[in-house]
Each structure stands twice: as C-alpha cells, then as structure tokens.
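Spelled out, the chains give:
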Amino acid sequence: MTLRFYWRLDPAAEPARGEASARPATGFVPRDVRTASLNRYDYYVQVARAAATTAFDGLFVAYRPESDDSQIVAAAIARTAPRLLLVPEFPATVGSAVYAAKEAVSFQRATHNRLGWALTGDGGEEDAARTAEFLHVARGVHGTRPFDHDGEYFSVKGGGFQAPLANVPFPPVYLSGDDEEALERSARLADVHLLPHAPLDALRGRAETLDRLALAAGRTVELGVIATITARETAEEVAAGQGIAGSYDAVANRLADLHAIGVGHVVLSATPSLEEAYRIGQFVLPRVRARIADLRAAA
Amino acid sequence: MSIDFYWRLPTHGCHASIRRGSYDRGDWSPLQPGNVAPGLTAQGEDDGYRYIDHLAEIAKAAELSGFIGGLIPSFPNTDDPWVISPLLARETKTFRFMIAFQPGFLDPVHAARISASLQRATGGRTVFNVITGGGGPSQLWWGDDFAHDDRYGRTTEFLDIFRGVWAGKPFDYDGRFYQVEGEQLSDLLSREEVPEIWFSGSSEAALQSAAKHADYYLSWLEPYDQLTDKFARVKERTAQLGGEQKCAIRVDLVARPTEEEAWRDIRIGFENVSDATRAQWRGQPTDSVGAARQSALKPTEAKRWDDLIVGKNLWGGFNLLRGGPALGIVGSYEQCAEQLDELIQRGADAFILAGTPHLEEAWRIGEEVLPLLGRTAATTQNLLEAAE
C-alpha cells in the first residue's frame, strides 16, 4: 500500500495574507499598485501549487463558515493547481444530496476525476443520520438509474444521471472521528477514515477496530491520520512543536511508522501554509518515501 | 442608460453548426473523429481536453466581444453552474457568471456563504437566475416534491434569508419552510455585494416573489404584442406590490450578412431534423406557465420550415434544432439589430442572447450585431429619454 500525502489549506488561517481588504489604507510608504483583482484566491492558488510542486498527492480545504467556502475554493484553484486530488471538507447540511452529487459529477468531468469529499459535522446523532442518508442518496443517484428514495431528509423519484454525467467515478469519501460510533459509521460509508494523530499503540487499536467493523460490513476502509506538523532541520529548533514534531529525520521516521501500522493517508497542515508546504514537501516527504523503501527492502 | 447583453454557456454540449443537431462539442455524443472537448489526437486517442476547456473559450469570446457575461443553465443532464463558475473565475476578467439555480437545492445560509465566496473569487461577477417554476416530473428527479405555488413561497423565504444573513447582524427567521436563528455572514463575507437577481415565472405567485426580491424579470421571447403586454403587466403588478422590475429577454439569433443566408441555414437545419424528431415535437409535461405559453405558439406538426415563420424575422422552430425555447430571431445583421431595437422600445432592459455554435456566434453577434444597436431613431430617442 502506498502512503498518500495531502496538504490542508485553511481559508480562515493567516487572514491578512493576500486579503485585499486587509491592506493598509494609510501609512504604507511603497506605492501600492495592487488592484482588487489581486486577492485572497491568488494566495490559495499559491498554497495549492506549492503542494503540487512538492509532490503532495492532494489538498484538503477546511470548512470555515466565517471565510471562503471550501467547495468554491477547491473549484477556483482546480484549473491552476495540476495533478492534486482536491478534497473540500463540508457538512451534509449544505443542501440536497442530489444537487451535491451533480456538482461532484461536474467537478470530476472538468478535472479528470480529481475530487474527494470530506464530510464533516458535529458528530451528533442527527448529523450522523443526515450524513449517512446524504451519502446513500448521492451515491444512489450517481450509480443507479432510476433511483428512488423516500427518507427522513431526502426524497427522490426517478433519479440518476445519464451519460455523459454517469461516466465519472464517485469522489472518494473521507470521514473522521475518534470514537467507536465514528469508526462504525466509516465502516459502512467511508472510503478512508481519518483519525486524529495519537500514540502508535492507540492508533493500532483503532485500526484493528476499523478493520473488524469494515469486515463485518463487507467493505474495505483505508486508514488515514490528520495532524499538524512541525519539522525543522534540527531537533533543537523544534521548541514545543505541535502535532507530529521533530527534526526532518525524526518526523519522517514517525510518518514511516504510521505507514507500517497500515496508515495509507496522511493529511498535514502547518502555518504559514505556503512556506511549510515547501518545507515539508522538499525536506520531509522525500525522507519518508526513502525510509519506506528501506523498510520494504529490509523486509 | 445602457442595456446589459449576456451570452449563454451551453452546459449540455454544443453543435458545430445550426444546420446539424449532432452534439459534436462535448461528450454528450460518443468520442469520434471531428468532435472537440474531448477530441482525438492524431493517434486516435482522447486528447485530454474536457468540455470545461471549451466553455472557457466561449466565456472568453463573450467577454472579448462585448458581452457583460453569460447565463449558465442547469438541467438534469448539464454540467453544473455552481461548479463551472468558480472553475472559470480566474481565467476570465469581466465575464459575469449568471448562475441558474433552484433555491430548494441549497440551504439558504450556505447559499449566501458560497455566493459571497464566489463574489470574492470573481471581484463581484456573480449573478443569479433564480428558477422556481420548472416543476413536473423533473422536480422529483432533483429530489424536490413541492407543489407549484409552494415553490414560489419557498423561493421568497429563501431569498428573505439569503439577504437577511447578508445584512451584517444576527438574523432570525421563522417561516413556513425555513427557520434560522442568529445567523449572519462574517464581516469578511458580508462586505461583498448581494448578487443581482434575475427571476422567471409568469404566475401570480411568481410575480409576488419577484416584486420582493428580483432585479430583472426574465422572459423567453414571445410574439411582440404578447410580450409587451406581459412586461407591462409585470411592471404594473410588481409596482403595486412595492417592487421595481427591469425586464429581460432570452432569445437565440441566426444572424448572417444577408437575410437569405440566415433563412438558408434555418431551412437546411430543418431539413436535417429526422421525421421522428418532428413527430415527437411536443412540449414536455410541466407545470411551468412559461413553458405552456411557448408551447401554445407551436403548430401541431412541423411539416415545412416556412410554416414556422411567425412574424418578420421570427421563426418558431428553434427547439427542433436544439433544446430550449421555440421562438428566435432570423435575419441579416441589420435586421437582427432592428428586432433587438424594437424589443428595447417595447420595454426590454437586458438580453440573454445565444447562437449556435456558441463560440463563433459570440464573436459574430458581438462584432456584427451589437454595434448596430441604437441606430433606429425611435430607440435612440427611447434611450435618451430614459437617461434623463
């Protein structure tokens, strides 16, 4: 199994960067020729291209109600950020499942199938029920025609896409959460389950539970870890670093260890997002890949 | 005063010629030699272009040739305007994305958020064509089982909330269809302009909703006296209800250097329509009043192309040649401009034009027809009076 790396763009982080409305109106000595058409989206593109340039496999876009919408950001950067799988995070409350499926199909058609869905929510009972039905209906209209459904949140009659809309794959679905309910839900619904970073033994335990639940559901669910990362050239520069923290070598070894216990997807973030994407992409990811190759050769 | 001219992005494929109905642009027909987006390489393999690449060219042609933007239609078998618009935001400069959408498909607070985000991505180039009355079996396809008048009630509430959360303070709403409590857009998002709202629908329920929320009332082209009456009725009724409507027309043109050439394309196009298609030429089952008004124009059977000439430079068989409204304008560049001038005199404040193929015709109409507008004395007088 390969290890896939995703960078995570947070539209609410570093809010002044590239933000036209945050430019100083007074007291700025240089002649400022920036027009309003240079804006925050140019920064999003820079982050995405940083991830693409440094051989990340994908880009998550965080759902932040106070800032730019994750799905709008993902589409706006798609044509200038090559190769990356683009994975907006959003809750199942954004609207109709049929409409979401139709938007996904258009995105897939336009981007050579580079969309993923990371469904988020408050994890409560209603949210869980809605998310499950949302995915059932979205996959239903995507894969079945005619599709009928009469449920708690959505109802459809004679649904389903025709060619050419029916010709693209449904986006891979990423769900997350740390408790048994979340794992059970992912066993039924997710393609990838994302766990928050934790000590190796704890992650191993969760991985075993997920495998068992998925097996019972007759499915295969891949495992991922989502974490902030702090990596520096030397260990002494990592003072109280967050998340996966340490020297480039130590962090790389840690990520290779995750892979060894069955983690296939790692979603990483750090601030500032552009510079850290370059740093991780240039100095850490090659070390992880080399380390995995070494371990494989040794085995 | 000036008139806003929009073009249209064909979101369900396009034809290389009005003379033939084959969808040879886009993948609504099988990949074969001669198709584009996707097309085939010299080695006969998929060339990697996708239909969005062609739509990008149409949008850029429209903005370069003088259109303010374009309508992006939404039907079950189209690509989606909420995806197309952000995808093309960064490679267009002035093109306004007129997004067709039905309020029932999105949560209103979420819709406000994504709209503000798209305004930020485009520098304020988002426009809405709010669709409510489509109805019929296709509503159930979308997962929407509301009855006709209920849908307009829901549209009104949707737009109440859409604007309400945009006002920069916590917003409460207790409606029949939606309830929200303390919702608002962040300062970052609410700073953006609320998108201009274009509205369709001919029923009383539609007009009540339009009076409250619409900037433009959009109609397909209808026989001119009928359309003049309709615009007058809309403006009067919405004024009674406290609104102010500008009126807009969506119409296809076949504009050629001479009238003869224009009708020749229509004739050849008509002759290439199969007998089966002509026999099936009927309106779809729908509870849309607008669609019913159009289907009333149709003869029961299309036998001869010139049976469908319903007025000077007006042809009623466009939906034999491509999907969409039946009535369109056919003529020389001068005649097409005269028809548009006439419609401006009769109350049109804006247009959504289209022609097949959409890329080349955006250039043709932008270069050859739009510059001729306003030359007839009456229109010039009309515009001058409106400016005073």
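Here the structure is a predicted model, which is why all the values come from computation and not from measurement.

## Observations regarding the overall build of chain A
Step number 1: Looking only at helices and strands, chain A features eight helices and eleven strands.
Step number 2: The C-alpha radius of gyration of chain A comes to 20 Å, within 12% of the 19 Å expected for a compact globule of 299 residues.
Step number 3: Seen through its principal axes, chain A has C-alpha atoms that stretch 60 × 55 × 35 Å.
Step number 4: Residues classed as buried in chain A amount to 47% of the 299 residues present.
Step number 5: Considering only intrachain contacts with a sequence separation of at least 6, the fraction spanning at least 24 residues in chain A is 68%.

## Some details on the overall build of chain B
Step number 1: Along its length, chain B carries 15 helices and 13 strands.
Step number 2: Of all 388 residues assigned to chain B, the portion counted as buried reaches 52%.
Step number 3: Taking contacts inside chain B between residues at least 6 apart in sequence as the whole, the part at least 24 apart equals 69%.

## Notes on the environment of I309 of chain B
Residues and elements named next belong to chain B.
Step number 1: Position of I309 relative to the elements: it lies in strand β10 (residues 309-311).
Step number 2: For I309, a count of 16 C-beta atoms within 10 Å translates into the label partly exposed.
Step number 3: Taking the C-alpha atoms as reference points, I309 and R176, 133 residues apart in sequence, are found 47 Å from one another.

## Comments concerning the UniProt feature "domain: Luciferase-like" (unreviewed entry) in chain A
Step number 1: UniProt's entry tags residues 36-239 of chain A with the feature "domain: Luciferase-like" (unreviewed entry), counted in the numbering of this structure.
Step number 2: In residues 36-239 of chain A, the share of helix is 41% and the share of strand is 22%. The end C-alpha atoms are 39 Å apart.

## Considering the pairing of strand β6 (residues 155-159) of chain A
Residues and elements named next belong to chain A.
Step number 1: When strand β5 (residues 147-150) meets β6, the two strands line up antiparallel, connected through three bridges. Across the sheet, the residue bridging to D150 is S155, located in β6.
Step number 2: The hairpin formed by β5 and β6 contains four residues between the paired strands.

## Comments concerning helix α8 (residues 224-240) of chain B
Residues and elements named next belong to chain B.
Step number 1: With 17 residues, α8 extends 24 Å from end C-alpha to end C-alpha; this agrees with the ideal 24 Å at 1.5 Å per step.
Step number 2: Taken as a whole, α8 has its buried residues at L227, F231, V234 and T238. Summarising the axial view, the buried residues of α8 lie within an arc of 60°, below the 170-degree limit, and thus occupy one face. Among the exposed residues of α8, those pointing more than 90 degrees away from its buried face are D225, R233, E236, A239 and Q240.
Step number 3: In this structure, the buried side of α8 is in contact with α7 (204-213), β8 (216-220) and β9 (246-256).
Step number 4: Phi for G242, located one or two positions after α8, is positive at around 90°.

## Description of the interface of chain A and chain B
Step number 1: Contact with chain A, which involves 39 residues of that partner, is made by 36 residues of chain B.
Step number 2: Every element with two or more residues in the side of chain A that touches chain B is listed here: α1 (40-53), α2 (70-78), α3 (97-111) and β6 of chain A.
Step number 3: A total of eight residues in the side of chain A that touches chain B trace back to one element, the largest contributor, which is α3 of chain A.
Step number 4: In the side of chain A that touches chain B, the residues fall into 16 nonpolar, 14 polar and nine charged.

## Observations concerning the nonpolar core
Step number 1: Ranked by size, the top nonpolar core spans 202 residues in total, and within it A48, A51, L59 and L268 of chain A together with W198, A248 and F351 of chain B carry the most contacts.
Step number 2: Ranked by the residues each element gives to this core, the list is headed by α3 of chain A, at nine residues.
Step number 3: Once residues within four sequence positions are removed from consideration, L268 of chain A is found in contact with F5, Y6, W7, R8, A227, I229 and I280 of chain A.

## Topic: the packing of helix α1 (residues 51-64) of chain B against helix α2 (residues 81-89) of chain B
Residues and elements named next belong to chain B.
Step number 1: Between α1 and α2, the least distance of the axes is 11 Å, while the angle of their chain directions is 70°. Classified by the angle between their axes, α1 and α2 sit roughly perpendicular to one another. The crossing of α1 and α2 is right-handed. Contacts between α1 and α2 involve I52, L55, A56 and A59 on the former and, on the latter, I84, L87 and L88.
Step number 2: Residues belonging to the contact of α1 with α2 are distributed by class as follows: seven nonpolar, no polar and no charged.

## Concerning the environment of Q46 of chain A
Step number 1: Turning to its location among the elements, Q46 of chain A is positioned in helix α1.
Step number 2: A sequence separation of 236 residues divides Q46 of chain A from Q282 of chain A, and the C-alpha atoms of the two residues are 16 Å apart.

## Comments concerning helix α5 (residues 180-189) of chain A
Working note: α-helix, 3.6 residues per turn, so residues spaced by three or four point in the same direction.
Step number 1: For α5 of chain A, every residue scored as buried is listed here: A182, L183, R185, S186, A187 and L189 of chain A.
Step number 2: Contact partners of the buried residues in α5 of chain A: α4 (125-143), β7 (173-176), β8 (192-196) and α6 (200-216) of chain A.

## A look at the confidence of the model for chain B
Step number 1: The predicted model of chain B has a mean per-residue pLDDT of 89, with 89% of residues at 70 or higher.
Step number 2: The low-confidence segment residues 283-287 of chain B (pLDDT under 50) makes eleven contacts with residues lying over four places distant or belonging to another chain.

## Observations regarding the packing of α2 of chain A against helix α3 (residues 108-122) of chain B
Step number 1: In the contact formed by α2 of chain A and α3 of chain B, the axes pass within 9 Å of each other and the chain directions differ by 30°. Taken as axis vectors, α2 of chain A and α3 of chain B run roughly parallel relative to one another. The handedness of the crossing between α2 of chain A and α3 of chain B comes out as right-handed. Each of Q71, I72 and A76 of chain A in α2 of chain A lies in contact with α3 of chain B, whose residues at this interface are I114, S117, L118 and A121 of chain B.

## Brief notes about the pairing of strand β11 (residues 263-269) of chain A
For a regular strand, side chains alternate in direction, first toward one face of the sheet and then toward the other.
All names here are of chain A.
Step number 1: Across the seven residues of β11, six count as buried, placing the element largely inside the fold.
Step number 2: As defined by bridge partners, strand β1 (residues 4-9) adjoins β11 across four bridges and the pair is classed as parallel. When the sheet's bridge partners are listed, R4 is paired in β11 with H265.
Step number 3: Two elements, strand β9 (residues 222-232) and β11, share six bridges in a ladder whose sense is parallel.

## Considering unusual backbone geometry
Step number 1: Following A37 of chain B, the chain continues to P38 of chain B via a peptide bond in cis, the omega torsion being 0°.
Step number 2: Cis geometry is found at the peptide bond from T356 of chain B to P357 of chain B, where omega equals -5°.
Step number 3: In this fold, P357 of chain B is placed in the loop between β13 (350-354) and α14 (358-369).
Step number 4: With a phi angle near 55°, H112 of chain A is a residue other than glycine that sits in the positive phi range.
Step number 5: Position of H112 of chain A among the secondary structure elements: in the loop between α3 and β4 (117-120).
Step number 6: Even without being glycine, N113 of chain A reaches a positive phi, approximately 60°.
Step number 7: With respect to the helices and strands, the residue N113 of chain A is situated in the loop between α3 and β4.
Step number 8: Looking at N113 of chain A, the number of C-beta atoms within 10 Å reads 15, which means it is partly exposed.

About the cut-offs
- Residues numbered from 1 in each chain as written.
- Chains lettered and ligands numbered in written order.
- Predicted model: local features only at pLDDT ≥ 70, side-chain atom pairs only at ≥ 80, totals over all residues.
- Helix = DSSP H or I, 4+ residues; strand = E, 2+ residues; numbered from the N terminus.
- Rg over C-alpha atoms; globule rule 2.2 N^0.38 Å.
- Buried ≥ 20, exposed ≤ 12 C-beta atoms within 10 Å, placed from the backbone.
- Contact = placed C-beta atoms within 7 Å.
- UniProt positions renumbered as here; feature names shortened; annotations may be inferred.
- Pairing = 2+ DSSP bridges.
- Expected span 1.5 Å × (residues − 1).
- Arc of directions from axis to C-beta.
- Nonpolar A, V, L, I, M, F, W, Y, C, P; charged D, E, K, R; others polar.
- Core = buried A, V, L, I, M, F, W, Y, C linked by C-beta atoms within 7 Å.
- Axes fitted to C-alpha atoms, helices over the stretch in contact; angles between N-to-C directions.
- Parallel < 35°, antiparallel > 145°, perpendicular 65-115°, else oblique.
- Left-handed = near helix turned anticlockwise from the far one by under 90°.
- pLDDT = per-residue confidence, 0-100.

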